[in-house]
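Tertiary structure, described
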Amino acid sequence: MNAKHLERYLLHDVLKQVSRSFYLTLAVLPGCVAKQVGLAYLFARAADTIADAGRVDRTTRAELLRRLKLQFVQEACNHEDIKAIQTAATASQQGHAGERTLLEHLDHCFQAYEDLAQDDQTEIRRVLPILISGMEMDLERFPGESEIELAALSSLEDLDLYTYKIAGCVGEFWTNIMYAHLPRIRRTWDREAKIRTGIRFGKGLQLTNILKDLSTDLRRGRCYIPSEMLAQAGLEPRDLLETRSMAVFSPILHTLVQTALAHLDQGWLYATSIPRRDFRLRLACMWPVLIALKTLHLLTTCDNLLDPARKLKISRSEVYRIIAASTLTGTTSAGTAYWGHLRKAVG
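Attention in this report is confined to the structure presented alongside it. Treat the numbers as computed from the prediction; the structure is a model and nothing was measured. (Residues numbered from 1 in each chain as written. Predicted model: local features only at pLDDT ≥ 70, side-chain atom pairs only at ≥ 80, totals over all residues. Heavy atoms only, no water.)

Points about the overall build of the chain
Under the convention used in this document: Only DSSP runs of H or I covering at least 4 residues are called helices, and only runs of E covering at least 2 are called strands; the numbering of each starts at the N terminus. Using C-alpha atoms as the atom set, the radius of gyration is obtained and then compared with a globule rule of 2.2 Å times the number of residues to the power 0.38. Summary of the burial criterion: residues with accessible area below 20% of their type's maximum are buried, those above 50% are exposed, and those between are partly exposed, where the area comes from a 1.4 Å probe applied to protein chains only.
Along the backbone of the chain there are 17 helices and two strands. Taken over C-alpha atoms, the radius of gyration comes to 20 Å for the chain, in line with the 20 Å a tight globule of 347 residues would show. Referenced to the eigenvectors of the C-alpha coordinate spread, the extents of the chain come out at roughly 60 × 50 × 35 Å. Counting all 347 residues of the chain, 53% fall into the buried class.

Structure representation (structure tokens):
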């Protein structure tokens, strides 16, 4: 398979199996940046799959992540080491079929990565170690796999650092890639200012996911709600396993929702600052922030977020409605009105 066909296979067939939602985002991106963004996503998803391989002991997972991160830190990739990581990770994967396919093609991802221009490789080399360090933070801070070994982040500073490592750094990567390849972006953006805004965009998306998955994560032994916040309300992490704690937890939830909203406001500013002629790039940024905003609305209207029976997920039809509405209004004032309508519903 030549380089062009390999790239197409990874970014079309493999990526589509791994994440249909991200595949839609990648499909609308300008072609000059799609391969860099797509490969970075595939590497991040592979690392996340390794980190969450519950059948493998934590020491082994941590070692596989360390060796994967090393490929982006050292001067050149070690293909024997990549094969070893791939073999160990694939053998432990038995869940998501798309993730298994990705791990089986990890060596091909690195081949496509080595075919990128040097500057693009440099951007991927910057962001992947940060992303992987966020996954290492998960393994270090949360020692168990169930509610029996429940642990929490300590402080708001820990939570902010975590959201940066898992998603905020992606805003920086995204900005640098777009700035390097799109002339209108270079002419209209203050890159350093947009990096700061992009970081907040990513943090908002991640904080929204944390709140959405709260009850599930608690039962996996992970409490991302800082223990210092809980203590101020007279709560301990274990109290969040009880639905009756919702009344006391509600002010904490409100505070974190408002933090997520403030970040997502910056995400919307980021999207609408993209020149209107770069319509596809605008849409690629609008979709995730609109979906996150709709998710926050689900959170705030849920009668008890601590109840694991409550499944807070936007339906596929709702996602398509958001895509359709933003596609029709994304370059007009109606787009901002649409954002304002959804934003007002959250609070």
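Further notes follow.
Notes on the nonpolar core
So the rule is basically this: Here, nonpolar core means buried Ala, Val, Leu, Ile, Met, Phe, Trp, Tyr and Cys residues that are tied together by side-chain atoms lying within 4.5 Å of each other. Pairs of residues are marked as contacts when any of their non-hydrogen atoms sit within 4.5 Å.
Counting residues in hydrophobic clusters, the biggest one holds 113 residues, and the most contacted among them are Leu-29, Ile-124, Ile-225 and Phe-249. Setting aside chain neighbours within four positions, we find Ile-124 in contact with Gln-36, Leu-39, Ala-40, Phe-43, Phe-72, Tyr-113, Leu-116, Pro-129 and Phe-173.

Observations concerning the layout of surface pockets
Which entries qualify depends on this criterion: Put simply, the grid is 1 Å and covers the protein atoms alone, a cavity is a trapped set of points that fit a 1.4 Å probe, a pocket is an open set with protein on both sides within 12 Å along at least five of seven lines, and lining residues have an atom within 4 Å of a point. Grid points are joined across faces, edges and corners, and a volume is the space filled by probe spheres set on the points. Under the scheme applied here, ten amino acids are nonpolar (Ala, Val, Leu, Ile, Met, Phe, Trp, Tyr, Cys and Pro), four are charged (Asp, Glu, Lys and Arg), and all others, including Gly, are polar.
Size it by volume and the second largest pocket reaches roughly 300 Å³. Lining the second largest pocket we find 13 residues, and of these Glu-7, Arg-8, Leu-11, Leu-26 and Ala-34 sit closest to its centre. Contributions of two or more residues to the lining of the second largest pocket are made by α1 (3-18), α2 (20-28) and α3 (31-51). Per-element tally for the lining of the second largest pocket: the top contributor is α1, with five residues. In terms of residue class, the lining of the second largest pocket is built from six nonpolar, two polar and five charged.

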